[in-house]
Amino acid sequence: MVSMGLKKYGNEIGLRVIDGSICGKYRGFFIRMYDGMGFKKVELKFSPLSADLLLKLDTYITSVKQGFRILSYTIGASGLSMNIHDTVGTMDVIKKLLNEFIDFFEANEITPLDLCGICGQNIETDEAFAFRGDSTIIGHRACLEKEEEKTPEKEIEELKKSYGMGYFGAFLGMIVGIIPWILISLAGFVAGVAGLILSAAIKIGYEKLGGKNGKPKITAIILFTVLGVLAAFFITTTISIYQTFAQEGITFLEALELTPYNLSLAATDPDIASYIAQNLGLGFLFAALGSWSFIVQAYKDTKAQTEKPIVHTI
């Protein structure tokens, strides 16, 4: 997705809109930018760095991280990727960030990427790029247009993965993810971060237990996020009933048995119906916001896995 602010700035510095991103070269460096949920992604490509330069770049980013609203960043073998907090005045921050980062590159002899990401040779002619998942690969057009060959190691790794283990991992992740949700709710708060934690735990659980990339991964994130919200709501309601009647000698097991009956009263009691609607409504809203970026990424990974990437000339 490309906002009007990014599109306008891209036009000003000679970048193009391609597949939902602003792409091209600015001051010699390849740049890709696009909008996420609450952030803007900025990717800068440069030639491989020495260990000293990597450390120097990391130290520099740490020193300017707060001023440029950098939520997170990754320094790879051939570039830098940053998530910038998207709020009022974000485009002014990005304009300043790009120029100051490129000033830093030039002052430290960090040069634009000139090696093919496929064959590893210098790119003298036929320079192009392609999107693969959430990353950008620069290289010779001929190299990028070839089908990516899987190494024996990658094929073995893929064979070991399964949707069944992924779903089991997502289930375990859901159990872990609802714990902070419940604790936050019991403290009297309703926080969006709970939705992010829940969906992140589900995604991590799916991947850690060897879940395969594909549409079932997207289904797993959605399914267990919904079940997680329902489970967290049910448990917090049970705890609330237990705390209310604890002085009357009720046990937690008895409170657990009473919860379905109390929730069923929503059909005749407007107060209970309002309680359910408000809590579940906010729960699903925060869960949707928290899981959206993971769902989008899983979709991109699936698309990259099943479709040959489109190659664009720089």
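As shown above, the structure is provided for reference.
Here goes a summary of the coordinates provided. (Residues numbered from 1 in each chain as written. Predicted model: local features only at pLDDT ≥ 70, side-chain atom pairs only at ≥ 80, totals over all residues. Heavy atoms only, no water.)

## Digging into the side chain of aspartate 35
Put simply, the test is: Here a strand is any run of E in DSSP of at least two residues, a helix any run of H or I of at least four, and the numbering for each starts at the N terminus. Any residue under 20% of the maximum accessible area for its type is buried, any over 50% is exposed, and the rest in between are partly exposed; the area is computed with a 1.4 Å probe on protein chains only. Polar contact criterion, stated in full: a pair of N or O atoms within 3.5 Å, where within protein one must be able to donate a hydrogen and the other to accept it, and residues adjacent in sequence count only if both atoms are side-chain atoms.
Assignment of secondary structure puts aspartate 35 in strand β3 (residues 29-35). A relative accessible area of 8% means that aspartate 35 is categorised as buried. At 2.2 Å, the side chain of aspartate 35 forms a polar contact with the side chain of lysine 40.

## Looking at the pattern of salt bridges
Note the cut-off: Any carboxyl oxygen of Asp or Glu within 4 Å of a side-chain nitrogen of Lys or Arg constitutes a salt bridge here.
The final tally for this structure, using the stated rule, is ten salt bridges. Its salt-bridge partner being glutamate 106, residue arginine 27 comes within 3.1 Å of it at the nearest N-O pair. Taken together, the residues span a long stretch of sequence, with arginine 27 in the loop between β2 (21-26) and β3 and glutamate 106 in helix α3 (residues 90-107) at a distance of 79 residues. Judged by its relative accessible area of 45%, glutamate 106 is partly exposed. Across the pair aspartate 86 and lysine 40 runs a salt bridge whose closest N-O atoms are separated by 3.4 Å. Here lysine 40 lies in strand β4 (residues 39-45) and aspartate 86 lies in the loop between β6 (79-85) and α3, a separation of 46 residues in the sequence. Exposure remark for aspartate 86: the relative accessible area of 27% places this residue in the partly exposed category.

## Some thoughts on the sheet that holds β4
As a reminder, the rule being used: In this scheme, strands are said to pair when DSSP sees at least two bridges between them. Interaxial angle, 0 to 180 degrees, is taken between N-to-C directions of lines fitted to C-alpha atoms, where a helix line uses only the stretch in contact.
Judged by pairing direction, the sheet is antiparallel, and its six strands sit side by side in the order β1-β2-β3-β4-β6-β5 without closing on themselves. Since the sheet does not close on itself, it has two edges, and those belong to β1 (16-18) and β5 (70-76), each with one partner. Averaged over neighbouring strand pairs, the angle between their axes works out to 20 degrees when direction is ignored. One ladder, built from three bridges, connects β1 with β2; its direction is antiparallel. Among the inter-strand pairings, valine 17 is bridged to a residue of β2, identified as isoleucine 22.

## Thoughts on the pairing of β3
Extensive coverage of β3 is indicated by the burial of seven of its seven residues. Burial of the side chains of β3 extends over both faces: Phe29, Ile31, Met33 and Asp35 are buried on one face and Phe30, Arg32 and Tyr34 on the other. Alignment of β2 against β3, held across five bridges, turns out to be antiparallel. Looking at the pairing, tyrosine 26 lines up with phenylalanine 29 of β3. Hairpin remark: β2 followed by β3, antiparallel, with two residues in the connecting loop; positive phi at arginine 27, about 55 degrees. Bridge analysis of β3 against β4 gives five bridges, and the strand direction is antiparallel. Opposite aspartate 35, over in β4, you have lysine 40 as the bridge partner. The hairpin formed by β3 and β4 contains three residues between the paired strands, and glycine 38 there has a positive phi angle of roughly 85 degrees.

## Observations regarding the sheet that holds strand β9 (residues 311-313)
Taken together, three strands build an open sheet; the order of strands is β8-β7-β9 and the sheet is antiparallel. Pairing within the sheet leaves two strands with one partner each, and these edge strands are β8 (135-140) and β9. Neighbouring strand axes in the sheet, compared pairwise and without regard to direction, differ in orientation by 30 degrees on average.

## A few points about α3
Working note: α-helix, 3.6 residues per turn, so residues spaced by three or four point in the same direction. Formally: Here a helix's expected span is defined as the number of its residues, less one, multiplied by 1.5 Å. An arc is given here, and it is the one of the directions from the helix axis to the C-beta atoms.
Here α3 contains 18 residues, and its C-alpha end-to-end distance of 25 Å stays within 8% of the 26 Å for a straight helix at 1.5 Å per residue. Thr90, Met91, Val93, Ile94, Leu97, Leu98, Phe101, Ile102, Phe104 and Phe105 are the residues of α3 that are buried. Buried residues of α3, viewed axially, fall in a sector of 155 degrees; they line one side. Relative to its buried face, α3 has exposed residues pointing more than 90 degrees away, namely Asp92 and Ala107. A positive phi of about 60 degrees marks glutamate 109, the residue just after α3.

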